[in-house]
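Coordinate inspection notes
Residue-level listing of the chains:
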Amino acid sequence: MKQSKEKCYQDYCDTYDACLSLWPVPLKTINVSTTYGETHVIISGSENKPPLILLHGLGFSSTMWYPNIEGLSAEFCTYCIDIIGDANKSLSSRKPTDRSEYSEWLLEVIQGLHLEKPNIAGLSYGGFISLNFAHHFPEYVNKVILLCPAATFKPFRLQFFLRIFSLLLFSKGKVLQKFMNWMFGGRYHLDPLFIQQFEAGINLRRALRIKRKKEKSRSSWPSVLPNDELQGIKTSVLLLVGDKEAIYDPRKVLARATKYIPRIQAELIPNVGHGMSMEQPEIINTYIINFLIPNLK
């Protein structure tokens, strides 16, 4: 029996709140009004510290940062933003339909939070949105951290699309377990509370079923950025890619990124895959902190 959108959203919010019990530090949540809807934000750390925005991977929501947040919020005031239009606690009234609109949405959130040139870090889909924002609004960002960004430098492997399609059709049981095994390779096991939230997010996505024109739907999907855009990136960029990455060839990503982005530090991280921030939070946190606060010992 098909559940209503309202019931799926409430179920999702319940699992989201339950997952926040994994958050190891104090937090507060706020909603920021934008042209595109209400954006949900989790804030941790002292507001006297430098601001760090964290953007999650597709379908994972801001709760995915629970392994990292203790270390990062000790050095920064962290703003974990639920990306508008994805399955999370942000409620879109009009989903951004292209790359420029996603940048406009993020700019409205930054201004709504009264932040001046924050650092921005994103994993996968969040990484794509981070670098896209740096292209459109370089004057509003300090430094950018890309953790295995979706597309951006190289196209997805066909296997990625096949697994995503299967997951959207069958979110539970063996299909979900196979997807997680493919993503994490047995190196990390998600907490059951996070698995429940992930499943509820897929159910919510199915229930919403917002119909869009095909060209608009594709335009907001992560894409490979052209050479001239990469060459025009003015901010300093840290790119981390795992040597076990499954969505594309990590070495080819590093090669293209370092060829075209002027101010980039790019690293191949051993024995991690697409979920690198969760697999090795201490290592990833150290890279982020040293990049943003180079003199910190």
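Look up a bit, the structure's there.
Everything numeric in this text was worked out from a predicted model, so none of it was measured.

What to know about the overall build of the chain
Helix and strand counts for the chain stand at 12 helices and nine strands. For a compact globule of 297 residues, the expected C-alpha radius of gyration is about 19 Å, and the chain comes in at 18 Å, within 12% of that figure. Buried positions account for 53% of the 297 residues belonging to the chain. Carbon and sulfur atoms form 52% of the exposed surface of the chain, whose accessible area is close to 13300 Å². Averaging the coordinates of the 35 positive side-chain charges in the chain and doing the same for the 27 negative ones gives two points 8 Å apart.

Here we look at the packing of aromatic side chains
Tallied over the entire structure, the rule returns 14 aromatic pairs. Residues Phe133 and Phe137 carry aromatic rings whose centres are separated by 5.6 Å and whose planes lie at 45° to one another, so their mutual orientation is tilted. Owing to a relative accessible area of 18%, Phe137 belongs among the buried residues under this scheme. Ring pairing ties together the aromatic residues Phe60, Tyr66, Phe156, Phe160, Phe179, Trp182, Phe194, Phe198 and Trp221, which thus form one cluster. Taking the ring centre of Phe291 as reference, the NZ or CZ of Lys143 above it sits at 4.9 Å.

Things to note about a nonpolar patch on the surface
A surface patch of nonpolar side chains, about 470 Å² in accessible area, is lined by Leu58, Leu158, Phe161, Leu162 and Trp221. If you trace the backbone, Leu158 turns up in helix α5 (residues 158-169). The class for Leu158 is exposed, based on a relative accessible area of 63%.

Considering the nonpolar core
The biggest cluster of nonpolar side chains holds 100 residues, and the ones touching the most others in it are Trp23, Trp105, Leu106, Leu131, Phe153, Met276 and Met278. Met276 has contacts with Leu123, Leu147, Cys148, Leu240, Val241, Gly242, Ile269, Pro281 and Ile284, leaving out every residue within four places of it along the chain.

Quick word on the side chain of Thr152
With respect to the helices, strands and loops of the structure, Thr152 is situated in the loop between β7 (143-147) and α5. Excluding anything up to four places from it in sequence, Thr152 contacts Phe128, Leu131, Ser223, Val224, Leu225 and Arg256.

With respect to unusual backbone geometry
Positive phi values are uncommon outside glycine, yet Ser61 reaches one of about 65°. Take Ser61: it is sitting in the loop between β3 (51-55) and α2 (69-73). Looking at Ser61, the relative accessible area reads 0%, which means it is buried. In this structure, Thr152 takes a positive phi of about 70° despite not being glycine.

Section: helix α4 (residues 125-136)
Compared with an ideal rise of 1.5 Å per residue, which puts 12 residues at 16 Å, α4 spans 17 Å between its outermost C-alpha atoms and is within 8% of the ideal. Within α4, 10 of the 12 residues are buried, leaving the element largely enclosed by the surrounding structure. Turning to α4, its buried residues are Tyr125, Gly126, Gly127, Phe128, Ile129, Ser130, Leu131, Asn132, Phe133 and Ala134. Those residues of α4 hidden inside the fold are in contact with β3, α3 (99-112), β6 (119-123), β7, α9 (227-231) and β8 (236-242).

Some remarks on the pattern of salt bridges
On inspection of all chains with the given rule, the structure shows seven salt bridges. With a closest N to O distance of 2.7 Å, Asp11 and Lys7 form a salt bridge. Remark: Lys7 and Asp11 occur in helix α1 (residues 5-19); sequence separation between them is four residues, near one turn of the helix. Across the salt bridge formed by Lys89 and Asp17, the nearest N and O atoms sit 2.6 Å from each other. Taken together, the residues span a long stretch of sequence, with Lys89 in the loop between β4 (77-81) and β5 (91-92) and Asp17 in helix α1 at a distance of 72 residues. According to the relative accessible area criterion, Lys89 is buried, its value standing at 17%.

Conventions and cut-offs
- Residues numbered from 1 in each chain as written.
- Predicted model: local features only at pLDDT ≥ 70, side-chain atom pairs only at ≥ 80, totals over all residues.
- Heavy atoms only, no water.
- Helix = DSSP H or I, 4+ residues; strand = E, 2+ residues; numbered from the N terminus.
- Rg over C-alpha atoms; globule rule 2.2 N^0.38 Å.
- Buried < 20%, exposed > 50% of the residue type's maximum accessible area, 1.4 Å probe, protein only.
- Areas by Shrake-Rupley, 256 points an atom, 1.4 Å probe, with all protein chains shown as cover.
- Lys, Arg positive; Asp, Glu negative; His and termini not counted.
- Charge placed at Lys NZ, Arg CZ, Asp CG, Glu CD.
- Phe/Tyr/Trp six-rings, centres within 6.5 Å; stacked < 30°, edge-to-face > 60°.
- Lys NZ or Arg CZ within 6 Å of the ring centre and 35° of its normal.
- Patch = residues over 30% accessible without salt bridge, like charges linked within 9 Å, V, L, I, M, F, W, Y side chains within 5 Å.
- Salt bridge = Lys/Arg side-chain N within 4 Å of Asp/Glu carboxyl O.
- Core = buried A, V, L, I, M, F, W, Y, C linked by side-chain atoms within 4.5 Å.
- Contact = heavy atoms within 4.5 Å.
- Expected span 1.5 Å × (residues − 1).

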